[in-house]
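The primary structure of each chain is shown beneath.
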Amino acid sequence: MPKRIIIIGGGIAGLSAGCYARMNGYHTEIFEMNTIAGGLCTGWKRKGYTFDGCLHWLVGSDPSSRYYPLWEEIGAVQGKKMVTYDYFTKVIDEAGRTFTVYTDPDRLRAEMLAIAPEDRKKIDRIVRDIKVLMRNELPPEFNLRNIVPSIRSILMIYKYRQPIRELAEKFSNPVLKNFFIKGLDWGEMCSAFLLWTLAMMANKKAGYPIGGSLAFIESIVQRYIKLGGSIHFKSKVSGIIVENNQAVGIRLSDGSEQRGDIIISAADGHTTIYNWLKGQYMSKAVIKAYSDYILFPPLVYISLGIDADYSHEPFSLTFEPKKPFQIGKEEITTLSLRNYSIDPTLMPPGKSVFTIMITADFDYWEVLKNDREAYIAEKKRIADAVIDNLNELYPGIKDHIEVIDVATPNTFVRYTGNWRGSYEGWLMDRKSLSQKNLMTLPGLSNFYQVGHWAAPGGGLPSGLITGRIAMKKICKADRKKFSVSRP
């Protein structure tokens, strides 16, 4: 009989592991605590609008990409229309000046030179390096065969291991410096990955799949089911059963147990290691990751359904609010707007969907959740502040907003269990660049972790790749040839 693999979590990583397990003849069952699959790759419907909680772009959206065949293997991209991007975002500063972060490196160069001709040398160096990244796509998996062709990209990552704000400090022109930070900064994230994203977009390899997260994940679910896999919804795990240092099953919140030959956790890493496994299988790498590494920050995620057509406006806009406001101790001086008019499947004809992401202080929201009235009032206050500032940008929009939805770090924890509300695990910064993957734990056999808690970097590719690698490891341990197929 084939081995039974139990997979905890039906997000992209769990589904990826499930698909590859079925391709290789294993019996698989996914246990997902929610009523639908997807985890963080999700969306939600409100009064005719669909608010997308994940997809802005998909690395590997074009057949010319190294990632595309892998997406094909799990059924994610077949038949999908992809929207490609001419620019990453548009930026408006406090003086009303605009800057477009073009994906085409030559157009980006011209845009920067128009602002700061005195920074020509630094601009030319960055543009040249984006072109290097365009010619040398990072492989989904590093091995002896592709390590040499990837050397130039690896060197670029090392060269640009500093965050965007440090890279921007090299410009002498203060206006360009400010634009660069506003348009591209993401905390301590290595600037290499922002430049790599621009390179992928310039090559039309990081487009947006029409239908968004819900349609994207449903395609993978259908692929998994057609391969013969099964998935159990409303099945929350409360523990991993270990006997003689072997993972042998899971315990569900209703007290029932499920036994398996191999356990794969595609769930929150902190919960998996510290709660379900009671912190009994640790390593220096695990301790360092959970004590030293920076997380992708939690978010306040405001979604708006608008009874007006804003398809003529930028799909991505970063601006400085004319009416700054506070959330906890932090003053919000920058807002990032996503206009989903590029995807007409998400709203009724003639209407629009906007989302605004604001990084948040987890501890502030953790305290606030204990006072429900204050929690609800704070969500409303933030939504009102955001709408007031949007009304300054787009006069009259306030009167056309039909639906307001506010998700907080507590929402992310409740829906996905992600530690401290982080939506992509560890930020890829200087420290985590050298981190070894945490797919296995010392002293525990028949157990694997997949997803963004298994390796830093996050995003959909992380789930896809770690699920695939885990199954390659399992096949190797069972002395089976790892095989793939495409629908």
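Per chain, residues are indexed from 1 in the order of the written sequence. With pLDDT at 70 or above as the cut-off, local features in this predicted model cover only qualifying residues; side-chain atom pairs require 80 or more to be listed or tallied, and sums for whole chains, interfaces and linings still use all residues. No hydrogens and no water enter the side-chain calculation; it runs on all heavy atoms of the structure.

Student: Got a sec to walk through the nonpolar core? Specific residues and values, please.
Tutor: Here, nonpolar core means buried Ala, Val, Leu, Ile, Met, Phe, Trp, Tyr and Cys residues that are tied together by side-chain atoms lying within 4.5 Å of each other. A 1.4 Å probe rolled over the protein chains alone gives each residue an accessible area, and that area as a share of the maximum for its type sets the label: buried under 20%, exposed over 50%, partly exposed in between. Core analysis: the biggest nonpolar cluster contains 106 residues, and Trp71, Phe216 and Ile264 have the highest contact counts within it. Strands are runs of DSSP state E lasting at least 2 residues, helices are runs of H or I lasting at least 4, and numbering of each runs from the N terminus. Per-element accounting of this core gives the leading share, 9 residues, to helix H8 (residues 191–202). The contact definition used throughout considers only heavy atoms, calling two residues in contact when any of these lie within 4.5 Å. Beyond its immediate sequence surroundings of up to four residues, Phe216 is in contact with Ile12, Cys41, Leu55, Leu58, Trp71, Ala76, Lys80, Pro209 and Leu460. Counting 30 residues, the second largest nonpolar core, distinct from the first, contains Leu317, Trp365, Ile387 and Ile397.

Student: Tell me about the packing of aromatic side chains, and name the residues and values.
Tutor: When we look at a pair of aromatic rings, we describe it by the centre distance and by the angle of the planes. Between 30 and 60 degrees the pair is tilted, below 30 it is stacked and above 60 it is edge-to-face, where a pair is any two Phe, Tyr or Trp rings, Trp via its six-membered ring, whose centres lie within 6.5 Å. With the rule as written, the count across this model stands at 24 aromatic pairs. Their ring planes at 50° and their centres at 5.4 Å tell us that Tyr310 and Tyr394 sit as a pair that is tilted. In this pair, Tyr310 is assigned in the loop between strand S15 (299–306) and strand S16 (316–319) and Tyr394 in the loop between helix H13 (372–393) and strand S21 (401–407), connecting sequence segments 84 residues apart. In terms of burial, Tyr310 and Tyr394 fall into one category: buried. A ring is considered to have a charge above it if a Lys NZ or an Arg CZ atom is located within 6 Å of its centre and within 35 degrees of its normal. The ring of Tyr158 has Arg161 sitting right over it, with the charged end atom 3.9 Å from the ring centre.

Student: Explain the sheet that holds strand S13 (residues 257–259) residue by residue, including any values.
Tutor: Pairing between strands is defined by DSSP: at least two bridges between the two strands are required. As summarised here, the arrangement of the 3 strands in space is S11-S12-S13, forming an open sheet in which the pairing is antiparallel. Looking at strand neighbours, the two that pair on one side only are strand S11 (237–243) and S13, the edges of this open sheet. Shown here is a sheet whose adjacent strand axes are inclined to one another by a mean of 30°, direction ignored. When strand S12 (residues 246–252) meets S13, the two strands line up antiparallel, connected through 3 bridges. Among the inter-strand pairings, Gly249 is bridged to a residue of S13, identified as Arg259. Only C-alpha atoms enter the line fits that serve as axes; for helices the fit covers just the stretch in contact. Angles between N-to-C directions range over 0 to 180 degrees.

Student: Any details on the pairing of strand S4 (residues 49–52)? Residues and values, ideally.
Tutor: Looking along a regular strand, one sees the side chains alternate between the two faces of the sheet. Residues Tyr49 and Phe51 of S4 are buried on one face, and the alternating residues Thr50 and Asp52, pointing to the opposite face, are buried as well. Counting the residues that bridge the hairpin from strand S3 (residues 43–46) to S4 gives 2 residues, and of these Lys47 lies at a positive phi of roughly 50°.

Student: Lay out the side chain of Thr89 with the relevant residues and their values.
Tutor: Positionally, Thr89 belongs in strand S7 (residues 87–92). For the purposes of these results, a polar contact is taken to be a pair of N or O atoms within 3.5 Å, where, inside protein, one atom must be able to donate a hydrogen and its partner to accept one; residues adjacent in sequence count only when each atom of the pair is a side-chain atom. A polar contact is formed between the side chain of Thr89 and the side chain of Thr318, at a distance of 3.5 Å. Beyond its immediate sequence surroundings of up to four residues, Thr89 is in contact with Phe99, Thr100, Val101, Gly183, Ser316, Leu317 and Thr318.

Student: Describe the packing of helix H4 (residues 120–135) against helix H5 (residues 151–159), with residues and values.
Tutor: Where H4 contacts H5, the two axes come as close as 9 Å, and the packing angle between them is 140°. If you check the angle between H4 and H5, you find them oblique. Between H4 and H5 lies a crossing of left-handed hand. Contacts from Arg125, Arg128, Asp129, Val132, Leu133 and Arg135 of H4 reach H5 at Arg152, Ser153, Met156 and Lys159. Any residue that is not Ala, Val, Leu, Ile, Met, Phe, Trp, Tyr, Cys, Pro, Asp, Glu, Lys or Arg is counted as polar, Gly included; the first ten are nonpolar and the last four charged. Here the residues of the contact of H4 with H5 are counted per class, giving 3 nonpolar, 1 polar and 6 charged. Roughly parallel means an angle under 35 degrees; roughly antiparallel, over 145; roughly perpendicular, 65 to 115; everything else is oblique. Left-handed describes a crossing whose near helix is turned anticlockwise from the far helix through less than a right angle; right-handed describes the clockwise counterpart.

Student: Lay out a positive patch on the surface with the relevant residues and their values.
Tutor: Taken together, the side chains of Lys121, Lys122, Arg125 and Lys170 present a region of like positive charge at the surface. As for its position among the elements, Arg125 is in helix H4. In this structure Arg125 comes out as partly exposed when scored by relative accessible area, which is 37%. Each patch is built from residues that are more than 30% exposed by relative accessible area and take part in no salt bridge. Like charges join if they lie within 9 Å; nonpolar side chains (Val, Leu, Ile, Met, Phe, Trp, Tyr) join within 5 Å. Residue exposure ignores everything except the shown protein chains as possible cover, and the areas themselves are Shrake-Rupley values with a 1.4 Å probe. Salt bridges are defined by distance alone: a side-chain nitrogen of Lys or Arg within 4 Å of a carboxyl oxygen of Asp or Glu. In this tally, Lys and Arg are treated as positive and Asp and Glu as negative; His is ignored, and so are the chain termini. Charge coordinates come from a single atom per side chain, which is NZ of Lys, CZ of Arg, CG of Asp or CD of Glu.

Student: Tell me about helix H14 (residues 409–416), residues and numbers included.
Tutor: Here H14 has its buried residues at Pro409, Asn410, Thr411, Phe412 and Thr416. Those residues of H14 that are buried lie in contact with S15, helix H12 (362–368), H13 and S21. Positive backbone phi, at 75°, marks Gly417, one or two positions downstream of H14.

Student: Outline the pattern of salt bridges, listing residues and values.
Tutor: Considering all chains together, one arrives at 29 salt bridges under this definition. Between Arg259 and Glu243 there is a salt bridge; the shortest N-O distance is 2.8 Å. In this pair, Arg259 sits in strand S13 while Glu243 sits in strand S11, placing the two residues 16 residues apart along the sequence. Note that Lys380 is salt-bridged to Asp384, the shortest N-O span being 2.8 Å. Of this pair, Lys380 and Asp384 both sit in helix H13, 4 residues apart, which is roughly one turn of that helix. Classification of Lys380 as exposed rests on a relative accessible area of 54%.

Student: Explain the environment of His56 to me, using residue names and the numbers behind them.
Tutor: Locating His56 in the fold gives a position in the loop between S4 and strand S5 (58–59). Among the residues examined, His56 registers a relative accessible area of 13% and is labelled buried. Each C-alpha atom, one on His56 and one on Phe216, is 12 Å from the other, the two residues being 160 residues apart in sequence. Residues in contact with His56, not counting those within four places in the same chain, are Tyr85, Tyr208, Tyr301, Arg338, Tyr340 and Met357.

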